[in-house]
Amino acid sequence: MPTTFTTRTVPAHRPRDLLPQLASPDREIKLKALREVKNQIIGNRTKKLSFLELGAVPAVASILSAALIEPDSRFGSDDASIACKISNDYTSNILVQSAAALGSFACGFDAGVRAVLEAGAFPHLIRLLSNHDDKVADAGARCLRMIYQSKQAPKYDFLKEKNVEFVVSLLSSDSENVTGLGASMITHSYVSNEEQMALCNAGVLKMLISLLDGSLCQRDASLESLAAVFKDNPQVISEFVRLESGKALGRIIDLAKDRYPRTRLLSCMCLIVIRNASTDHLQDIGIKTKLVHLLLELLDDSGQVGDEAPFVFSSLIAKKEDLQKLAFEANALHKFCNHLRKGQLPGKRLQGILLVLADLCSKLETCRSRFLSFQVLNLVADALTHDHADVRIAACICLKSVSRSIKNLCAGYYMNERLISPLVQLLDDPSVSIQVAALGTISNMLIDFTRSKASFVQCGGVKHLVQSSKSMDSTVRLNSLWALRNMVFLADHKCKEMIFLELTAPLLASLICDPEPLVQEHALGLVRNLVDGYISSVECVFAEDGVILDAVGRQLQATSKAEIGIQGMYVLTNVASGNEFHKEAVMRQLLLQVDNGSQSFIIKFLQSNNSSLRTAAVWTIVNLTFPSCPSAFSRFVNLRSVGIVSQIRNMVNDPCPDVKVANIYISISIPFEVS
């Protein structure tokens, strides 16, 4: 009777139990432990985190490093040769399993990629590529390809000849994984125009074109790499189009009809990069329409292709009104809003959809109105509190774009707690990028000409904006001032007073004198809006012994930037529209330099090539010399004595209409001086 054998399944070890086995002196135990680590973490994010926390990646990297430096002994006797072969086989297995385990940690997991790089494994993996054992070299290439799927991957400087030679050697390999790695290294190194030319001159274009005829893996890697080499470089694109008399470009166009969705997506991406960078290729309406429809089809893919399709679509229509119209006519807005309604979308897909909606609504009022009719605004508001930072930023960008409509702002669609409250909370986010995105959206929403901004105030919006204006980051300071500037534009006196009490005169004065010119400009613009319209509002520049007005005067004396001069002069123009005390204070600022033996800054502004600056300067004089003012004549005499009136006489035929209108007012104000 035949004997029956049964196999016993060995239970998987817990991560904590496996770690000591990786350090075992017993080769077989170590090799089995490597295999089990690899098998447990494949596709299992939770297990990867567990092993990462236990320090498994440095342990595996150490095994890889030790195996690379083991001596490759050669013995004379047959027994010794057999022992050597066994040893070499073991070393090869250790190298393969170590690389495979590290690749599994890195696959689709940025924390794993960081751990592999921090453990110092990268140079050892590069060494594997030149190993005499093809299995070892292939394992190294596969692991490196996992790393080069991440933005964490090391960047190569292709202005260095040795790096160009290295990537050329990879692209020349017979191994599918090695050539794919070479293409991925180019893709993820974010090459500059100079590096693109260096790669082009080394023959990389021809190598990548040849990979288009290779395996699916090689084809896709080549398309991604070509897109990186083409990006924003018409010269490289022209060189590519000339290759094979245009057949190379034809191949990429044909791949847009490939049976594999990812290949179609990458082909579209490549074609979009070409048409965005070149005015000579792929500009006809047919290819544009084809790209729109292809990408809308790919959006329905349930996997990675569907996640990435919105980003490629965004690159097609961003800042291009003609393509936005084409997309709108193709029902793109409706389709993306329908996907948004599905809920529980992967973070990357949700981010991409929000960015596309932002692009579609960036220029076309019809798109903004249709967007509101689809009633997805609350879904965008929900994305403001999403776990992923990139999604929160995309939601801000989307809201900023759809709120560009003056009509919809006046209708009050955006000034509600459902939107405002999460936006204000984002100003406390530790990420500067999120703070800036939220501030940009808030700035748009505060351009509200008809409705009360009470909901924004009640959510603590003003306090948060003032706090942001004190940020160490200049971009945050700039955008918070921009928002405050919009809020006080045409606001009533009560609103302005409330904002000024939060800001305080010393803070405003310090922002006017900020080290960053753009911050200075917007601080002056904020003060300009604060003192506009109400005589009582003018008083704020005299608070704290006139610290704000003095800061304005110092900036106007020192600046060489027209934009700062324009905002500063309009501050003086608005102050000069007040009572006699206000006008005399402006006069002191204009004549301060003269008292110190220098020419008044206003003469320099009146002589400027910038018409807006000349206009602002002339209107200040109009407000100072208006005939109904009691001391207008004495101010005129003082202005004439320092050469300002003679400069204005020379501007009677100024080419700028606004300056001419202002000169007419001055003629009425001081007719006794006009010939």
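This text gives an overview of the structure that appears in the document. As the structure is a prediction and not an experimental result, all values here were calculated from the model.

A few points about the nonpolar core
Moving on, step 1. Leu125, Phe230 and Phe371 are the most contacted members of the largest nonpolar core, which has 235 residues in total.
Moving on, step 2. Built from parts of two domains, this core gets at least three residues from each of domain 1 (15-71 + 86-154) and domain 2 (504-674).

Some details on the side chain of Asp307
Moving on, step 1. Tracing the backbone shows Asp307 in helix 18 (residues 304-317).
Moving on, step 2. Relative accessible area serves as the criterion here: at 15%, Asp307 is assigned to the buried category.
Moving on, step 3. Aside from chain neighbours lying at most four places away, what touches Asp307 is Pro346, Lys348 and Arg349.

A short note on the pattern of salt bridges
Moving on, step 1. Summed over all chains, the structure comprises 21 salt bridges.
Moving on, step 2. Measuring nitrogen to oxygen at the nearest pair gives 3.2 Å for the salt bridge that ties Arg14 to Asp17.
Moving on, step 3. On the basis of relative accessibility, which here comes to 32%, the residue Asp17 falls in the partly exposed class.
Moving on, step 4. Ionic contacts of the salt-bridge type, sharing partners, join the residues Glu224, Arg262, Glu308 and Lys348 into one network.

Let's talk about the packing of helix 30 (residues 474-488) against helix 33 (residues 517-530)
Moving on, step 1. It is at 9 Å that the axes of helix 30 and helix 33 come closest, and there the two elements cross at 15 degrees. Judged by the angle between their axes, helix 30 and helix 33 are roughly parallel. Pair helix 30 / helix 33 crosses with left-handed handedness. Contacts from Ser474, Arg477, Leu478, Leu481, Trp482, Leu484, Arg485 and Val488 in helix 30 reach Leu518, Val519, Glu521, His522, Ala523, Gly525, Leu526, Asn529 and Leu530 in helix 33.
Moving on, step 2. The residue inventory of the contact of helix 30 with helix 33, partitioned by class, reads 10 nonpolar, four polar and three charged.

Here we look at a nonpolar patch on the surface
Moving on, step 1. Residues Phe626, Val661 and Tyr665 make up a contiguous nonpolar surface patch of about 250 Å² in total accessible area.
Moving on, step 2. Mapping Val661 onto the fold places it in helix 42 (residues 657-669).
Moving on, step 3. For Val661, a relative accessible area of 38% gives the class partly exposed.

Quick notes on the packing of aromatic side chains
Moving on, step 1. Inspection of the entire model under this criterion finds nine aromatic pairs.
Moving on, step 2. Both rings, one in Phe122 and one in Tyr148, keep their centres 6.3 Å apart while their planes meet at 55 degrees; by these two values the pair is tilted. Taken together, the residues span a long stretch of sequence, with Phe122 in helix 7 (residues 122-128) and Tyr148 in the loop between helix 8 (134-147) and helix 9 (161-171) at a distance of 26 residues.
Moving on, step 3. Between the aromatic rings of Tyr156 and Phe166, the centroid separation amounts to 5.9 Å while the plane-to-plane angle is 25 degrees, which identifies the pairing as stacked. On the criterion of sequence distance, the pair formed by Tyr156 in the loop between helix 8 and helix 9 and Phe166 in helix 9 is long-range, its members being 10 residues apart.
Moving on, step 4. Three or more aromatic residues joined by ring pairs form one cluster here, namely Tyr156, Phe158 and Phe166.
Moving on, step 5. Residue placement shows Lys348 over the ring face of Phe311; its charged tip is 5.8 Å from the ring centre.
Moving on, step 6. In this arrangement the basic side chain of Arg528 is found over the ring face of Tyr570, its NZ or CZ atom lying 4.1 Å from the centre.

About the cut-offs
- Residues numbered from 1 in each chain as written.
- Predicted model: local features only at pLDDT ≥ 70, side-chain atom pairs only at ≥ 80, totals over all residues.
- Heavy atoms only, no water.
- Core = buried A, V, L, I, M, F, W, Y, C linked by side-chain atoms within 4.5 Å.
- Buried < 20%, exposed > 50% of the residue type's maximum accessible area, 1.4 Å probe, protein only.
- Domains from an automatic or database assignment.
- Helix = DSSP H or I, 4+ residues; strand = E, 2+ residues; numbered from the N terminus.
- Contact = heavy atoms within 4.5 Å.
- Salt bridge = Lys/Arg side-chain N within 4 Å of Asp/Glu carboxyl O.
- Axes fitted to C-alpha atoms, helices over the stretch in contact; angles between N-to-C directions.
- Parallel < 35°, antiparallel > 145°, perpendicular 65-115°, else oblique.
- Left-handed = near helix turned anticlockwise from the far one by under 90°.
- Nonpolar A, V, L, I, M, F, W, Y, C, P; charged D, E, K, R; others polar.
- Patch = residues over 30% accessible without salt bridge, like charges linked within 9 Å, V, L, I, M, F, W, Y side chains within 5 Å.
- Areas by Shrake-Rupley, 256 points an atom, 1.4 Å probe, with all protein chains shown as cover.
- Phe/Tyr/Trp six-rings, centres within 6.5 Å; stacked < 30°, edge-to-face > 60°.
- Lys NZ or Arg CZ within 6 Å of the ring centre and 35° of its normal.

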